Amino acid sequence: MTELDHRVRGVDHVAFPTFDPAATVRFYRDVLGFPVVHSICAAGWGPENHPDFIHFFFDIGNDDRIAFFYYFGTTPEIGGAPGVQGDVYARFGAEVPEFFVRSRHLAIHVNDEADLLEYRRRLDASDWPVEMQIQHETIESIYTHDPNGYMFEITRAMRPVTPQEDLDANLTIDALLDVVGEPEPTFGKLLARKAELIVEHAADWEPAR
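Report on the accompanying structure. Remember, it's a predicted structure, so these values are computed and weren't measured experimentally.

Some remarks on the sheet that holds strand β10 (residues 151-157)
Overall, mixed pairing links the 4 strands, which are arranged β7-β10-β9-β8 in an open sheet. The sheet is open, and its two edges are formed by β7 (105-110) and β8 (132-136), each paired on a single side. Averaged over all pairs of adjacent strands, the angle between their axes in this sheet comes to 25 degrees, without regard to strand direction. Here strand β9 (residues 139-145) pairs with β10 via 7 bridges, running antiparallel. Its bridge partner being in β10, Tyr143 is matched across the sheet by Glu153.

Right, dumping it as structure tokens:
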């Protein structure tokens, strides 16, 4: 596969709907300290039945932003029958495993442990205390749900990621694509295919090493 040059410079913004703009502003601006940096007010947009709305943005550092849409006159039932899990945009029934629901989340990063603990202090003093604090592989993270039900993560690196780990990640993804292209993919098949790829590429790596 030909390497493509990498031209993007990060996230401009991610955007979500909200049915509670007041609590959303409290959480991101007043609790976490992310300033409001932009807003768009629109009287409809596109089709005649499009509601009036405001689109507002919070600065999350590095010129990146998180944004929300509030549509006037809409209610949480807009997405259909309410489920028992999920957020205002995607609701799930009781039969959907919790790990699947929680996998949909936004993570932002801070420089070090002191910063992570400061955000933990702010959240724990608010209506949205930290629900989990976990160290996994190279990072440590705190998690909560924002007022809209979105899973929200703040993370810090415990050590730099090595070039060897980057190589391992690419081998893992190549193995994954091979396995899911066949019937009945499993974790065991993924590991077996990854081992095959390591053997196939070992001769190429030795001169470089």
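Structure's up, so let's keep going.
As for the environment of Val8
Structurally, the position occupied by Val8 is in the segment before β1 (13-17). Accessibility expressed as a relative area gives 54% for Val8, which makes it exposed. As a C-alpha pair, Val8 and Ala192 span 184 residues in sequence and 34 Å in three-dimensional space.

What to know about the side chain of Asp64
Structurally, Asp64 is set in the loop between β3 (53-59) and β4 (65-71). No salt bridge forms around the buried Asp64; measuring N to O, its nearest opposite-charge neighbour Arg65 is 7.5 Å away. Beyond its immediate chain neighbours, meaning those up to four positions away, Asp64 contacts Gly10, Val11, Asp12, Phe58 and Asp59.

Details of the pairing of β3
Within β3, 5 of the 7 residues are buried, which leaves the element mostly enclosed by the surrounding structure. Taken together, the 6 bridges between strand β2 (residues 36-42) and β3 define a ladder with antiparallel strand orientation. Within β3, the position partnered with Val36 by the bridge is Phe58. Of the strand pairs in this sheet, β3 and β4 are connected by 7 bridges, and their pairing is antiparallel. Its bridge partner lying in β4, His55 is registered against Phe69. Between β3 and β4, which follow one another and run antiparallel, lie 5 residues, and Gly61 among them has a positive phi close to 95 degrees.

Section: the packing of aromatic side chains
Under the criterion given, the structure shown has 17 aromatic pairs. Seen in terms of ring centroids, Phe27 and Tyr28 are 4.7 Å apart; in terms of plane orientation they differ by 80 degrees. Their pairing is edge-to-face. The pair formed by Phe27 and Tyr28 is uniform in burial state, with each residue classed as buried. Centre to centre, the rings of Phe56 and Phe58 are 5.8 Å apart; their planes meet at 80 degrees, and the pair counts as edge-to-face. The burial state of Phe56 is the same as that of Phe58; both residues are buried. Ring-pair connections join several aromatic residues into one group, and the members of that group are Phe16, Phe27, Tyr28, Phe34, Phe56, Phe58, Phe68, Tyr119, Trp128, Tyr150 and Phe152. Here the guanidinium or amino end of Arg122 rests over the ring plane of Tyr119, the centre of that ring lying 4.8 Å away.

Focus: a nonpolar patch on the surface
A cluster of nonpolar residues, Ile173, Leu176, Leu177 and Val180, forms a patch on the protein surface that exposes about 350 Å² of accessible area. Its location among the elements puts Val180 in helix α4 (residues 163-180). You can call Val180 partly exposed: its relative accessible area is 47%.

The rules behind these values
Residues numbered from 1 in each chain as written. Predicted model: local features only at pLDDT ≥ 70, side-chain atom pairs only at ≥ 80, totals over all residues. Heavy atoms only, no water. Pairing = 2+ DSSP bridges. Helix = DSSP H or I, 4+ residues; strand = E, 2+ residues; numbered from the N terminus. Axes fitted to C-alpha atoms, helices over the stretch in contact; angles between N-to-C directions. Buried < 20%, exposed > 50% of the residue type's maximum accessible area, 1.4 Å probe, protein only. Lys, Arg positive; Asp, Glu negative; His and termini not counted. Salt bridge = Lys/Arg side-chain N within 4 Å of Asp/Glu carboxyl O. Contact = heavy atoms within 4.5 Å. Phe/Tyr/Trp six-rings, centres within 6.5 Å; stacked < 30°, edge-to-face > 60°. Lys NZ or Arg CZ within 6 Å of the ring centre and 35° of its normal. Patch = residues over 30% accessible without salt bridge, like charges linked within 9 Å, V, L, I, M, F, W, Y side chains within 5 Å. Areas by Shrake-Rupley, 256 points an atom, 1.4 Å probe, with all protein chains shown as cover.

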